[in-house]
Amino acid sequence: MFQHHKTQFSEAIRLAIHAAFDLEHDPVIETPPRRELGDLACPSALHLAKTLRKRPRDIAAEICEKLELPIGCLRVSIEGAGYINVFFDRPAYVAQLMELPDPLSDGMLAPGTASAAGKVIIEHTNINPNKAAHIGHLRNAVLGDTLARCHRALGRETEVQNYIDDTGVQVADVVVGFIDLNASSLEDVRTAPEPFDYLCWDLYSRAGRWFEEDKARLELRRSTLHELESGEGERAEMGRLVAHRIVTRHLLTMARLGVDYDVLTRESEILRLDFFARAFDRLKETSAVRFEDSGKNEGCWVMPLSQSAEFEGLEDPDKVIVRSDGTITYVGKDIAYQMWKFGVLGLDFEYRPWQGFSQEHSPDLWETAASTPLQEAAVSQLGTNSDLDFGAGELVINVIDARQSYLQKIVRAGLESLGYQSQADRSVHFAYEMVSLSENTARDLGFLGQDDEQGKSLEMSGRKGIGVKADDLLDQLEAKASAEIAERNPGFGDEAREVLARDISVAALRYFMIKATTTRVIAFDLDQAMSFEGDSGPYLQYSLVRVKNIRRRLAAESLEVPVTADVIADSDPELWSDDLWDLVLLGSQIGEVTHRAAHTLELSGLARTAADLAQRFHALYHRHPILREENAELRSVRLGAMICFERSLSRLCDLMGLPIPEQM
RNA sequence: GCGGCUGUAGCUCAGCUGGAUAGAGCACCAGAUUCCUAAUCUGGGGGUCGCAGGUUCGAGUCCUGCCAGCCGCACCA
């Protein structure tokens, strides 16, 4: 809707400029600062002032003389220094908006374009399966999930992958912790009580200290890593068990937030199915890697980066792909994985259904499998499926924090040196800054002592056991919400209260993560994150609940008024005051907002628009009562505006994963 | 040293392709509830947009230099 009008206006101005001055000029279209100035603004007269050597307002007048008003526009005016502003036909615009099946569709995409663009693969979450998820991981998962929701809403085929690094050093450390520190058996680990991820959280940091105490113990890490990669032996068995139990916990945590996945891709399968071996052969064929028989990296296979301009100025221009002990680095495995994602590896996984629980939105969750003798027993019970067509995407987006930009660049460079230039170009790193702990929160949780330096935030570290666990935060949010509800709505039953408390806590948390711009480090402050007032998720929810309340009361008191598109189209334009109109007009821009968010990877715009909408609504709510309004036509108009608002904001909330309660 | 990010109100941050009077939340002060439930609203105080140049009719926004902070530049991910 909005975008369509914008394009029409821009085109009309372009033609008018051509007619008046015989100039080719691409007009910029902006939004005026205040609604009474118009609905769209064009500063072209200002831009042309220099070339034409005339006063901007005179130029604007000449353009307006030649201007043919697009359909749906009532008039233009020249404002300020020489802006050409256009005013829409309000009743017609609102009526048209009401007839759209989806408030998101606004003529930006021709039907079918999005699906023709091919599948987008989004990889997110990717928590090492060796400890509980913390709030930094939540930022990743919420951004990834929200991006996936945007792409789906825009009509693009979308596949969400959660990469499970079950053969890496971090899992190895916990295995060493269980076996060498705790002397635990497989059975002990199998039967260890929940929350298992909390248990491992502590064990992981203990293991870290244990290695620090005596570097000779690092040999255990090395040998364990070897076993994990080979997949054979007690330690590998233990690794599988730990990873599986932890992943189950992570998925449960994410399910609380409405985050779900299509497929869990496991690193162990990348090794087992020779994905890496295949990629490694190709790297050798193209001389993208070489064996070092002397020097610092003696005994390693390295990828030279010195040819690429991107890596200029590096101290070490080579990246190790295979370590001297024969184990493979993350980068090596990720190059193979990335090739598979684009469907150029020539190998594929097998899959089996995830055995756990049902996800809310996409109940079919698959995990990778490999029917090698090792896993035959487990596989034969469940059966595998080789016909699923995961992978082979057109666009691949990896949601990974900004600290890993360098590694992501190397993976892309790997694709390039294999000759996959176009795949490298379609390989996108969605980088966001990390989450640290604010000084106050770090102190409250005992991570900072009295003598620690002041005025600094504290970086979280799984290795050191520093961080706020995701489930703890969710529990606290739910408890707070529950207490608030008990106070405000004593009539709520226990179950209703718990359900609502969950909805509110999810909204508070997800909104908190989305509203932050991706380039900014979040210094996580508990008090701030726990806020249910002002610029917060519950603020949005409350505005929608208010609309529902109005409708409930209208029905209860038999005061319903017709608000069909026809009625609105015939309504008196005078009744559409600037503030009512403003609410509708902003709500009609969510398609553009979503489009921009998905393509710039800056999702905070969704949150900002939502907050803006809710704020305008809340203000109107007090100024324009509906139930007490005598004029039936005015009641229709006001209700129409609020229904448009409800549709728009509800849609935005869906995209951000904020649940919408019936009552609060 | 090289690269990336950040510097806007007391605090946390918005500010889209340069444009109309630099905005919001929190905190603080003063108000609004004969109810469409106040998780709300109205009003108020508060700003050398890090500093210095430059480009432009016009710079918080673009360019250059400096200052400060954070993060990368592993045989960890």
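Residues numbered from 1 in each chain as written. Chains lettered and ligands numbered in written order. Predicted model: local features only at pLDDT ≥ 70, side-chain atom pairs only at ≥ 80, totals over all residues. Heavy atoms only, no water.

S.K.: Quick question: what am I supposed to make of helix H22 (residues 537-556) here?
M.R.: Side chains that are three or four residues apart share a direction in an α-helix, a result of its 3.6 residues per turn. For H22, spanning 20 residues, the distance from its first C-alpha to its last is 29 Å, which sits close to the expected 28 Å at 1.5 Å a residue. Of all the residues in H22, the buried ones are Gly537, Pro538, Leu540, Gln541, Ser543, Leu544, Val545, Arg546, Val547, Lys548, Ile550 and Leu554. Looking at the buried positions of H22, the neighbouring elements they touch are helix H20 (494-515), helix H26 (604-623) and helix H27 (632-656). (Helix = DSSP H or I, 4+ residues; strand = E, 2+ residues; numbered from the N terminus. Expected span 1.5 Å × (residues − 1). Buried < 20%, exposed > 50% of the residue type's maximum accessible area, 1.4 Å probe, protein only. Contact = heavy atoms within 4.5 Å.)

S.K.: Where do I start with the packing of aromatic side chains in this structure?
M.R.: Aromatic ring pairs are defined here through the distance separating the ring centres and the angle between the ring planes. Under the counting rule described, the total for this entry stands at 17 aromatic pairs. Plain terms: the ring middles of Phe617 and Phe645 are 4.5 Å apart, the flat faces sit at 0 degrees to each other, and that makes the pair stacked. Of this pair, Phe617 sits in helix H26 while Phe645 is found in helix H27, placing the two residues 28 residues apart along the sequence. For the pair Phe617 and Phe645, a shared accessibility class is recorded, and that class is buried. Through pairs of rings, three or more aromatic residues link up here, namely Tyr163, Phe275, Tyr337, Trp340, Phe349, Tyr351 and Phe390. Sitting over the ring of Trp301, Lys284 keeps its end group 5.1 Å from the ring centre. (Phe/Tyr/Trp six-rings, centres within 6.5 Å; stacked < 30°, edge-to-face > 60°. Lys NZ or Arg CZ within 6 Å of the ring centre and 35° of its normal.)

S.K.: Just checking my understanding: could you explain the sheet that holds strand E9 (residues 318-322) for this structure?
M.R.: Hydrogen bonds between backbone groups are what pair the strands of a sheet, and the pairing can be parallel or antiparallel. Strand order across the open sheet formed by three strands is E7-E8-E9, with antiparallel pairing between neighbours. Looking at which strands have only one partner, the edges of the open sheet turn out to be strand E7 (290-291) and E9. By the bridge criterion, two bridges tie E7 to strand E8 (residues 301-304) in an arrangement that is antiparallel. Note that in E8 the partner of Arg290 across the bridge is Val302. Where helix H16 (residues 405-417) meets the sheet, it contacts E8 and E9, and its direction lies at approximately 85 degrees from that of E8. (Pairing = 2+ DSSP bridges. Axes fitted to C-alpha atoms, helices over the stretch in contact; angles between N-to-C directions.)

These figures come from the coordinates and say nothing about function on their own.
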